[in-house]
Amino acid sequence: MSTFKVVAVSAGTSDPSSTRLLADRVAQRVAALAGERKHSVELRVIDLRELATEITTALVSQLTGPRLTKAIEALGEADGLIVSTPVYKAGASGLFTSFFQILDNDLLIAKPIVLAATAGTARHALVVDEQLRGLFAFMRTTAVPTSLFASTEDWSDPALTKRIDRAAFELLLLMESGFAKQVRGESWQNYQHEFGSAGGTELSIDLDSDLMRLATGGSAK
């Protein structure tokens, strides 16, 4: 039996929020399916509207507030992620993208993730695949195959429930596989890391090379 840490990130700004509801429904299915397979789930929900001020501060000053720090730490410890954003003007919300833009590029490497979005019309259905997949591919996550999108009319459609079940099961299977832990434990050095962002493993860089001496104002041998 395993206990999986799942973090759901919601960028909904209203209360109640359909964006939060979609994330909650996925999390509930993950927990239910995990229970059927003799696992348990520890769920942490991050409501970005509560972190809006700290996210803005981090964007303009690179200073991370205490609540934002805790949220980032939760993401780093997570076995799986669920992210959900409302769609504004044919794109993911600025609050949502800003939050993920301030994260360290190495934080989410290989972590399995469910991508979800909500909108008032089905015209925005491709936002998840056209925009969210690109963002999280850049962050080198492992997105599940099933994307989730819910417009106003979808909430009464049984097809949404089926898609939620499928995405939840895909997330659970990826967590069970231990893929992310193996990648981070055995293949971390094969990724290109920014200096200072690789959890200390960047210290294996040869600081005595000609290039590094030139970069720090010295001279080549």
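Residues numbered from 1 in each chain as written. Predicted model: local features only at pLDDT ≥ 70, side-chain atom pairs only at ≥ 80, totals over all residues. Heavy atoms only, no water.

Novice: Got a minute to help me understand the overall build of the chain in this structure?
Specialist: The helix and strand inventory of the chain stands at eight helices and seven strands. A total of 221 residues make up the chain; the buried ones form 43% of that total. Sequence-distant contacts in the chain: of pairs separated by 6 or more residues, those separated by 24 or more amount to 78%. Carbon and sulfur atoms provide 54% of the accessible area of the chain, an area that totals close to 11500 Å². (Helix = DSSP H or I, 4+ residues; strand = E, 2+ residues; numbered from the N terminus. Buried < 20%, exposed > 50% of the residue type's maximum accessible area, 1.4 Å probe, protein only. Contact = heavy atoms within 4.5 Å. Areas by Shrake-Rupley, 256 points an atom, 1.4 Å probe, with all protein chains shown as cover.)

Novice: Looking at this structure, I do not really get the pattern of salt bridges. What am I missing?
Specialist: Opposite charge on two side chains makes pairing possible when the charged atoms of those side chains draw close. A complete count under the given rule lists nine salt bridges for this structure. Salt-bridge contacts for Arg29 lead to Asp165; the nearest nitrogen and oxygen are separated by 2.6 Å. With Arg29 in helix H1 (residues 18–36) and Asp165 in helix H6 (residues 158–177), the pair connects residues that are 136 residues apart, well separated along the chain. When its relative accessible area of 27% is taken as the criterion, Arg29 is described as partly exposed. For Asp165, a relative accessible area of 27% translates into the label partly exposed. As a salt-bridge pair, Asp106 and Arg140 come within 2.7 Å of each other at their nearest N and O atoms. With Asp106 in the loop between helix H4 (94–101) and strand S5 (112–118) and Arg140 in the loop between helix H5 (127–138) and strand S6 (142–143), this pair connects stretches of sequence that are 34 residues apart. (Salt bridge = Lys/Arg side-chain N within 4 Å of Asp/Glu carboxyl O.)

Novice: For this particular structure, what's the right way to read the nonpolar core?
Specialist: In globular proteins that are soluble, nonpolar side chains generally tend to be buried together. Ranked by size, the top nonpolar core spans 35 residues in total, and within it Leu48, Leu75 and Phe100 carry the most contacts. Mapped by element, the contributors of at least two residues to this core are strand S1 (3–10), helix H2 (52–61), helix H3 (66–77), strand S3 (80–88), H4, S5 and H5. If near-sequence neighbours (up to four positions away) are discounted, Leu75 is found in contact with Val7, Val9, Ile46, Leu81, Phe99, Leu103, Leu107, Leu108 and Lys111. Counting 23 residues, the second largest nonpolar core, distinct from the first, contains Val6, Leu148, Leu160 and Ile164. (Core = buried A, V, L, I, M, F, W, Y, C linked by side-chain atoms within 4.5 Å.)

Novice: Is there a simple way to think about the packing of aromatic side chains in this case?
Specialist: One pair of aromatic rings is described through two measures. These are the centre distance and the angle between the planes. For the coordinates displayed, the defined rule picks out four aromatic pairs. The interplanar angle of 65° and the centroid separation of 6.2 Å between the aromatic rings of Phe96 and Phe136 together place this pair among those described as edge-to-face. Remark: Phe136 occurs in helix H5 and Phe96 occurs in helix H4; sequence separation between them is 40 residues. For Phe96, a relative accessible area of 0% puts it in the buried group. Accessibility expressed as a relative area gives 1% for Phe136, which makes it buried. Following the ring pairs from residue to residue traces out a cluster consisting of Phe96, Phe99, Phe100 and Phe136. (Phe/Tyr/Trp six-rings, centres within 6.5 Å; stacked < 30°, edge-to-face > 60°.)

In short, geometric facts, not functional conclusions.
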